[in-house]
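# Analysis of the macromolecular model
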Amino acid sequence: MNELLIIAAPDLTEKRREWLESLASERRLSPNTLDAYERDTRQFLTFLTGHLAGPAKISDIHTLRPADLRAFLAARRREGSGARSLGRHLAGLRSFLRYLERKGLVNAAAAGAIRAPKQPKSLPKPLSDRQALNLVTTGAQLQEEPWIAARDAAVLTLLYGCGLRISEALGLRPIDLTPGATTLRITGKGSKTRLVPLLQVVFDAVATYQKLCPYHLEAEKPLFRGARGGPLQPAIIQREMQKLRSAFGLPETATPHALRHSFATHLLAGGGDLRTIQELLGHASLSTTQVYTGVDSSRLLEVYDRAHPRA
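These remarks concern the structure in this document. (Residues numbered from 1 in each chain as written. Predicted model: local features only at pLDDT ≥ 70, side-chain atom pairs only at ≥ 80, totals over all residues. Heavy atoms only, no water.)

The next point concerns the overall build of the chain. Assigned secondary structure in the chain consists of 15 helices and two strands. By the burial criterion, 43% of the 311 residues in the chain qualify as buried. Once local pairs closer than 6 in sequence are excluded, the contacts in the chain between residues at least 24 apart make up 63%. Split by element, the accessible area of the chain, about 16900 Å² in all, is 52% carbon and sulfur. (Helix = DSSP H or I, 4+ residues; strand = E, 2+ residues; numbered from the N terminus. Buried < 20%, exposed > 50% of the residue type's maximum accessible area, 1.4 Å probe, protein only. Contact = heavy atoms within 4.5 Å. Areas by Shrake-Rupley, 256 points an atom, 1.4 Å probe, with all protein chains shown as cover.)

Moving on to the packing of helix α4 (residues 66-78) against helix α5 (residues 83-102). Contact geometry of α4 with α5 gives a least axis separation of 10 Å together with a crossing angle of 145°. By crossing handedness, the relation of α4 to α5 is classed as right-handed. Contact residues: L69, F72, L73, R76 and R77 in α4; L86, H89 and L93 in α5. Per-class residue counts for the contact of α4 with α5 are five nonpolar, one polar and two charged. (Axes fitted to C-alpha atoms, helices over the stretch in contact; angles between N-to-C directions. Left-handed = near helix turned anticlockwise from the far one by under 90°. Nonpolar A, V, L, I, M, F, W, Y, C, P; charged D, E, K, R; others polar.)

Of all hydrophobic cores here, the largest spans 46 residues; its most connected members are L158, L164, L184, Y209 and F224. Breaking this core down by element, the ones donating at least two residues are α7 (129-137), α8 (146-162), α9 (166-170), β1 (183-187), α10 (200-212), α11 (234-248), α12 (256-269) and α13 (274-281). With residues near it in sequence (within four places) discarded, L164 still touches L158, L159, A169, L172, L184, I186, R194, V196 and R260. In this structure, L29, L48, L64 and F72 belong to the second largest nonpolar core, which totals 32 residues. (Core = buried A, V, L, I, M, F, W, Y, C linked by side-chain atoms within 4.5 Å.)

This part takes up the pairing of strand β2 (residues 193-197). Sheet faces and side chains relate simply in a regular strand, where the side chains alternate between the two faces. Side chains of β2 alternate between two faces, with R194 and V196 buried and T193, L195 and P197 left unburied. Pairing of β1 with β2 involves five bridges; the strand directions are antiparallel. Looking at the pairing, I186 lines up with R194 of β2. The hairpin turn running from β1 into β2, its antiparallel successor, is five residues long, and G190 in that turn takes a positive phi close to 65°. (Pairing = 2+ DSSP bridges.)

As a further point, take α13. Residues that lie three or four places apart on an α-helix share one face, since the helix turns once every 3.6 residues. Listing the buried residues of α13 in full gives I277, Q278, L280 and L281. Relative to the axis of α13, the buried residues are bounded by an arc of 165° and lie together on one face. Facing away from the buried side of α13 by more than 90 degrees, the exposed set consists of R275 and E279. Just past α13, the residue G282 takes up positive phi, approximately 80°. (Arc of directions from axis to C-beta.)

A few words now on the packing of helix α1 (residues 10-25) against α5. Relative to each other, α1 and α5 sit at 110°, their axes nearing to 10 Å. When the axes of α1 and α5 are compared, the pair comes out roughly perpendicular. Residues L12, K15, R16, E18, W19, S22 and L23 of α1 form the contact with α5, whose participating residues are G92, S95, F96, Y99 and L100. (Parallel < 35°, antiparallel > 145°, perpendicular 65-115°, else oblique.)

Here the focus is the packing of aromatic side chains. Following the criterion strictly, the structure yields six aromatic pairs and no others. Taking the centre distance of 5.8 Å and the plane angle of 80° together, the rings of W147 and Y215 count as edge-to-face. Placement of W147 in helix α8 and of Y215 in the loop between α10 and α11 is noted, with a sequence separation of 68 residues between them. A relative accessible area of 30% places Y215 in the partly exposed class. Taken together, the aromatic side chains of W19, Y37 and F96 make up a single cluster linked through ring pairs. The side chain of R151 reaches across the aromatic face of W147, ending 5.7 Å from its centre. (Phe/Tyr/Trp six-rings, centres within 6.5 Å; stacked < 30°, edge-to-face > 60°. Lys NZ or Arg CZ within 6 Å of the ring centre and 35° of its normal.)

Structurally, R88 can be placed in helix α5. Sequence spacing of R88 and D40 is 48 residues, and the spatial spacing of their C-alpha atoms is 8.1 Å. When near neighbours in sequence (up to four residues on either side) are disregarded, R88 contacts A36, Y37, R39 and D40. Within polar-contact distance, the side chain of R88 engages the side chain of D40 at 2.8 Å. (Polar contact = N/O pair within 3.5 Å; in protein donor to acceptor, adjacent residues only side chain to side chain.)

For the rest of this paragraph, the subject is unusual backbone geometry. Notably, A53 is not glycine yet its phi reads approximately 60°, a positive angle. Here A53 is to be found in the loop between α2 (31-51) and α3 (58-62).

Moving on to the pattern of salt bridges. Scanning all chains against the criterion turns up 13 salt bridges. With its nearest N and O atoms 3.4 Å apart, the salt bridge here joins E18 to K15. Highlighted residues: E18 and K15, both in helix α1, separated by three residues, approximately one helical turn. Note on E18: relative accessible area 24%, which makes it partly exposed. (Salt bridge = Lys/Arg side-chain N within 4 Å of Asp/Glu carboxyl O.)

Compared with the 30 Å implied by 1.5 Å per residue over 21 residues, the 30 Å span of α2 between its first and last C-alpha is a close match. Those residues of α2 not exposed but buried are L34, A36, Y37, E38, D40, T41, R42, F44, L45, F47, L48 and T49. Buried residues in α2 make contact with α1, α3, α4 and α5. In the segment just after α2, A53 is the residue with positive phi, at about 60°. (Expected span 1.5 Å × (residues − 1).)

As structure tokens, this is what we get:
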């Protein structure tokens with residue numbers, strides 16, 4: 001965390017540092033969530049410097065009113081934050097203020113008095129069966145280096161064949177894929193673990209990459225490597241997907257995460273039940289998984305409108 005960018009009194013800066021450390025060690029939040037909370041609270045303390053005409057102290061946090069928090073959210077909205085970002089800003093601030101309240105330093109009632117912005121309802125944008133299969137079977141062939149083509153094919157096959165997040169796929173080690181295994185143990189958000197079926201086609205794609213990779217793949221080191229041998233970064237796969245979108249004429253929503261959406265949607269369309277799909281995706285709440293029922297219904301209506309003679 002970059003404490004140099006924080007404008008606040010030393011007492012508040014120190015408590016913020018302790019809070020962030022507790023989120024990582026005790027609550028085991030994902031690195032992305034930690035980065036977001038760090039950024040949100042840094043922006044809030046910077047805002048308070050101007051709002052209060054000086055660096056904020058713990059005593060200033062204790063006397064915060066709902067109007068002060070609303071002013072911060074309004075400032076973020078003017079900077080371009082949408083409803084989802086504003087909701088995350090508020091969640092981060094509530095977490096920080098409640099931490100200070102548990103320490104007996106402030107009253108967090110002001111944060112609890114503010115209702116989170118209403119979130120827009122949006123459905124995941126999965127690929128069609130054919131689009132997903134084209135990407136994982138022929139898309140990576142656009143690469144000139146055979147081992148990089150095999151690497152990208154293996155990553156995309158893991159995203160679609162196992163429903164992994166890109167961070168989960170790139171976090172795999174050779175030791176995680178033992179010969180003859182039929183399941184893959186994944187550690188996802190919040191350090192939650194789950195088992196997903198390891199299809200033969202997925203295992204074969206990874207094995208092909210391992211055979212062609214020019215670097216020594218140690219058992220407990222990252223499985224997927226960049227061109228220079230270091231751990232493969234998500235941005236590399238994201239850029240590859242941009243090229244594939246252009247080559248296959250796919251929409252902007254065709255991202256690596258769209259392959260995970262496709263995994264869930266195609267399972268549901270094939271008769272999979274929500275509880276099983278929830279476990280496979282590693283969702284903490286069934287309500288998160290239920291969004292895919294809306295996707296499936298939308299696709300059925302599209303087919304009806306195109307094909308039914310009375311539509």
